[in-house]
Amino acid sequence: MDADPAELLNVAYDAALEAGRFLIERRPRDLGVARTKSSPTDVVTEMDTGAERLLIEYLLGARPGDAVLGEEGGDRVAADGGASGVRWVIDPIDGTVNYLYDLPAWAVSVAAEMRGTVVAGVVHAPATGHTYTAVLGGGAQADGHPLQVGAGAPIAEALVATGFGYAAGRRARQAAVIAGLLGQVRDIRRVGSAALDLCTVATGQVDAYFERGTNYWDHAAGGLVASEAGAVVGGLRGAAAATAMVLAAPPGLFGPLHDLLVDLRADED
Ligand code: LIP
């Protein structure tokens with residue numbers, strides 16, 4: 001029998017908060033870069049790997065038959081190969097550079113997939129004390145309060161969140177897209193965490209978010225929060241949200257921003 005998404009949410013919530021306590025209480029004052037990944041600026045700290053280990057131990061301790069996909073390579077297929085049909089998709093620190101610089105915009109992101117579909121998600125921001133949750137078909141909440149996006153601002157009045165890749169060449173291309181966008185919207189915000197960007201679409205603190213180059217674990221939970229709050233979440237030209245593009249906006253703004261991003265070839269390097 002399939003797991004109850006509400007039960008998965010409870011497990012994800014408890015795991016994320018435990019990881020959050022670890023990341024706040026155990027952060028070394030002299031935190032440095034432990035290693036880099038795709039580029040010299042794509043950093044991993046000892047806390048990323050420590051928090052991922054904690055999350056995996058918690059999640060598989062609670063549900064031994066599940067599988068896990070983790071950003072820091074801590075992938076663990078459960079002892080029986082994930083026979084439960086549940087896979088946890090985790091980013092122990094989304095916004096790692098912000099965490100490294102002791103800036104507050106970072107989050108623990110935990111999503112539960114059931115047979116390939118995200119059915120529950122938690123984005124926990126320990127530095128600000130906010131936690132965003134969602135269950136597929138069950139709505140989205142911020143700190144337990146229901147979230148519902150509006151119709152959407154006119155594009156010329158839209159505050160648009162975005163992010164940039166770790167490769168210098170991609171960042172240069174993304175700057176060219178911003179150059180074409182900035183004069184047609186209210187302004188942009190670059191916070192540094194896709195998970196939090198998606199949650200601020202859900203809360204209405206930004207009008208839209210788009211980014212090329214994120215990983216599945218960056219947007220799996222936050223994308224559910226945004227969509228359960230009534231935002232449209234997808235890619236360009238009918239694609240699903242993916243590394244090529246994640247775009248999230250209320251229904252009235254998604255189309256105009258989508259079309260502008262297509263015109264700017266925002267999903268091309
Ligand atoms: C981050 C994303 C963010 C992006 C950053 C980085 P990480 O993920 O959440 O949207 O702009 O460049 O990729 O690497 O901190 O988990």
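That block above? That's the structure.
Each value, and the rule that gives it
Along each chain, numbering runs from 1 in the same order as the chain's sequence is written. Predicted model: local features are reported for residues with pLDDT of at least 70 only, side-chain atom pairs are reported and counted for 80 or more only, and whole-chain, interface and lining totals are derived from all residues. Computation of side-chain values: all heavy atoms of the structure, hydrogens and water removed. Here a cavity denotes a set of grid points, spaced 1 Å apart and computed over the protein atoms alone, in which a 1.4 Å probe fits but from which it cannot get out, and a pocket denotes an open set meeting protein on both sides within 12 Å along at least five of seven lines; residues with an atom within 4 Å of a point are reported as lining. Grid points are joined across faces, edges and corners, and a volume is the space filled by probe spheres set on the points. Under the scheme used here, helices are H or I runs from DSSP no shorter than 4 residues and strands are E runs no shorter than 2 residues, and both carry numbers assigned from the N terminus. The nonpolar class holds Ala, Val, Leu, Ile, Met, Phe, Trp, Tyr, Cys and Pro. Asp, Glu, Lys and Arg form the charged class, and all remaining residues, Gly among them, are polar. If even one non-hydrogen atom of a residue comes within 4 Å of a molecule or strand, that residue is called near it. Throughout this description, a polar contact denotes any pair of N or O atoms lying within 3.5 Å of each other; where both atoms belong to protein, one of them has to be capable of donating a hydrogen while the other can accept it, and for residues adjacent in sequence the pair is counted only when both atoms sit in side chains. Each accessible area is a Shrake-Rupley result for a 1.4 Å probe, and residues are judged covered by the shown protein chains and nothing else. Pocket or cavity membership: a molecule qualifies when more than half of its atoms sit within 2 Å of the grid points of that site. Between rings of Phe, Tyr and Trp, where Trp is taken as its six-membered ring, a pair exists when centres lie within 6.5 Å; planes separated by under 30 degrees are stacked, by over 60 edge-to-face, and by other angles tilted. Whether a residue is buried, partly exposed or exposed follows from its accessible area with a 1.4 Å probe, protein chains only, as a fraction of its type maximum: under 20%, in between, or over 50%, in that order. Each ring is checked for a lysine NZ or an arginine CZ that lies within 6 Å of its centre and within 35 degrees of its normal; such an atom marks a charge sitting over the ring. The contact rule is simple, with two residues in contact once any of their heavy atoms fall within 4.5 Å. At least two DSSP bridges between two strands are required for those strands to pair. Structural elements are reduced to axes, namely lines fitted to C-alpha atoms, with helices fitted over the stretch in contact, and the angle between N-to-C directions of any two is expressed from 0 to 180 degrees. Given the number of residues in a helix, its expected span is that number minus one, multiplied by 1.5 Å.

Novice: Where do I start with empty space enclosed by the protein in this structure?
Specialist: Going through the model one piece at a time under the given rule, you end up with one cavity of 30 Å³ or more. As a volume, the largest cavity reaches approximately 80 Å³. The element best represented in the lining of the largest cavity is helix α4 (residues 168-181), accounting for four residues. Counted by class, the lining of the largest cavity contains six nonpolar, three polar and four charged residues.

Novice: Explanation requested: the site of the ligand in the structure shown.
Specialist: In the vicinity of the ligand there are 15 residues, among which D94, Y166, R190, A194 and E211 approach most closely. A distance of 3.5 Å separates an oxygen atom of the ligand from a polar atom in the side chain of D218. Isolated, the ligand exposes 380 Å² of accessible area, and the fraction of that covered by the protein chains is 94%. Because more than half of its atoms lie within 2 Å of the grid, the ligand is assigned to the largest pocket. Tallying contributions element by element places strand β5 (residues 86-94) first for the shell around the ligand, with three residues. Of the residues assigned to the shell around the ligand, the class counts are four nonpolar, five polar and six charged.

Novice: Quick question: what am I supposed to make of the packing of aromatic side chains here?
Specialist: Two aromatic rings, taken as a pair, are described by how far apart their centres are and by the angle between their planes. On inspection of all chains with the given rule, the structure shows one aromatic pair. Judged by centre distance (4.7 Å) and plane angle (80 degrees), the rings of Y99 and W106 are edge-to-face. Its relative accessible area of 1% is what places Y99 among the buried residues. One cation-aromatic arrangement involves R27 over Y99; the distance from NZ or CZ to the ring centre is 5.3 Å.

Novice: Is there a simple way to explain the environment of S84 in this structure?
Specialist: Relative to the assigned elements, S84 resides in the loop between β4 (76-77) and β5. Remark: the alpha-carbon pair of S84 and V44, spanning 40 residues in sequence, is separated by 31 Å. Residues contacting S84, with those up to four places away along its chain left out, are R63, G65, D66 and R115. In terms of polar contacts, S84 uses its side chain to reach the backbone carbonyl oxygen of G65, at 3.1 Å. Within the local environment of S84, its side chain forms a polar contact with the side chain of D66, the two groups lying 2.5 Å apart.

Novice: I tried to follow the sheet that holds strand β14 (residues 232-234) on my own but got confused; where do I start?
Specialist: Adjacent strands of a sheet form backbone hydrogen bonds with each other and so pair up, either parallel or antiparallel. Strand order in the open sheet made by the five strands is β12-β11-β13-β15-β14, with mixed pairing throughout. On the outer flanks of this sheet lie β12 (187-189) and β14, each paired with one strand and no other. Adjacent strand axes in the sheet meet at a mean angle of 20 degrees when their direction is disregarded. The pairing of strand β13 (residues 208-211) with strand β15 (residues 246-249) spans three bridges and is classified as antiparallel. Paired with F210 across the strands is L247, a residue of β15. Across the sheet, helix α5 (residues 194-203) lies against β11 (159-162), β13 and β15, angled at about 155 degrees from β13, the strand it touches most. Contacts from helix α7 (residues 251-263) reach β11, β13, β14 and β15, with the element oriented near 145 degrees to β15.

Novice: Please explain the layout of surface pockets as it appears in this structure.
Specialist: Over the atoms, a rolled probe matching the size of one water molecule traces out where space is still vacant. Of the voids in this model, the largest pocket is the one considered here, and its volume is about 690 Å³. Broken down by secondary-structure element, the contributors of at least two residues to the lining of the largest pocket are β5, α3 (96-100) and α4. Among the residues forming the lining of the largest pocket, the class breakdown is 10 nonpolar, 11 polar and 11 charged. Here the second largest pocket is characterised by a volume of approximately 260 Å³. As for the second largest pocket, its lining consists of 13 residues, and the residues nearest its centre are A220, G223, L224, V233 and A241. Those elements giving two or more residues to the lining of the second largest pocket turn out to be β7 (117-125) and α6 (216-228). No other element matches α6, which puts six residues into the lining of the second largest pocket. Taken together, the residues that form the lining of the second largest pocket break down as eight nonpolar, five polar and no charged.

Novice: I would appreciate a short explanation of helix α2 (residues 46-62) in the present structure.
Specialist: With 17 residues, α2 should cover 24 Å at 1.5 Å per step; its first-to-last C-alpha distance of 24 Å lies within 8% of that length. If you check which residues of α2 are buried, you get M47, D48, G50, A51, E52, L54, L55, I56, L59 and L60. The backbone nitrogen of M47 has a side-chain oxygen 3.1 Å away, supplied by the residue at the start of α2, namely T45.

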